[in-house]
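This is what each chain is made of:
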Amino acid sequence: RAVERERQHLALAGGVVPRHRADVRLGVELLARVAHHRADRLDRALRAANSDPEIAVTAACSVVESVCRSILVELKVDFPAKQDISSLYRAVREPLGLDPMKEGLAIEIVNDVKAVLSGLVTAVQGIGSLRTHVGGAHGKEKGFRRIDARIAKLAIHSASAIALFIIETWQIRH
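Residues numbered from 1 in each chain as written. Predicted model: local features only at pLDDT ≥ 70, side-chain atom pairs only at ≥ 80, totals over all residues. Heavy atoms only, no water.

Visitor: Tell me about the pattern of salt bridges, and name the residues and values.
Guide: Per the counting criterion, the structure on display carries three salt bridges. Here Lys82 ties to Asp84 by a salt bridge, and the two come within 3.8 Å at their closest N and O atoms. Between Arg150 and Asp148 there is a salt bridge, with its nearest N and O atoms 3.2 Å apart. Owing to a relative accessible area of 35%, Asp148 belongs among the partly exposed residues under this scheme. (Salt bridge = Lys/Arg side-chain N within 4 Å of Asp/Glu carboxyl O. Buried < 20%, exposed > 50% of the residue type's maximum accessible area, 1.4 Å probe, protein only.)

Put into structure tokens, the structure is as follows:
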């Protein structure tokens, strides 16, 4: 059901959502649109970082979530029970083969790549935690202390790198 709802959501957003894997070109077009949508949302988030850093953090998190959902839809993988950024990222890691041991890398760089991929997990968790604690989705109480725009921009740029890496990995593997 969640996958079907996401197909409907993507279709309403102007995406072409393939129902069958037979037409891979449609899947590539879908991800191209997701990538373009991701870039638009990140650009808006960067513009908002100085004036409303909390909303910018929420947007950064949403971009990674959207990319992960789109990949899961395309791969016909059910969404995880908990649909937060960490769970969604975890759900795409296995089908995309984000394991340095499976990459066919030279043995001397396997640990280096593993460290970078672990950094992505840490960044995903940090973006999700920022959204929970200071994001604009939960409202603001009296005396709320704004976060620094630099932190919002860090979350945005991190989300951009993560989303691009996921999209590029999908394109290479599918």
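Structure's up, so let's keep going.
Visitor: So what's going on with the confidence of the model for the chain? Residues and values would help.
Guide: Across the chain, the average pLDDT comes to 80, with 71% of residues at or above 70. Note that residues 6-26 has pLDDT below 50 and, in this model, 32 contacts with residues that lie over four places away or in other chains. (pLDDT = per-residue confidence, 0-100. Contact = heavy atoms within 4.5 Å.)

Visitor: Please set out the environment of Lys114 residue by residue, giving values where relevant.
Guide: With respect to the secondary-structure elements, Lys114 resides in helix α5 (residues 107-134). Sequence separation between Lys114 and Met101 is 13 residues; the distance between their C-alpha atoms is 8.4 Å. (Helix = DSSP H or I, 4+ residues; strand = E, 2+ residues; numbered from the N terminus.)

Visitor: Mind laying out the packing of helix α4 (residues 85-96) against helix α6 (residues 149-173), listing which residues take part and the relevant values?
Guide: How two helices pack is summed up by the angle between their axes together with the distance between the axes. In the contact formed by α4 and α6, the axes pass within 11 Å of each other and the chain directions differ by 30°. The angle between the axes of α4 and α6 places the two elements in the roughly parallel class. Read as a crossing pair, α4 and α6 show a hand that is left-handed. Taken together, the residues of α6 that come into contact with α4 (itself represented by Tyr89, Val92 and Leu96) are Ile162, Ile166, Thr169, Trp170 and Arg173. (Axes fitted to C-alpha atoms, helices over the stretch in contact; angles between N-to-C directions. Parallel < 35°, antiparallel > 145°, perpendicular 65-115°, else oblique. Left-handed = near helix turned anticlockwise from the far one by under 90°.)

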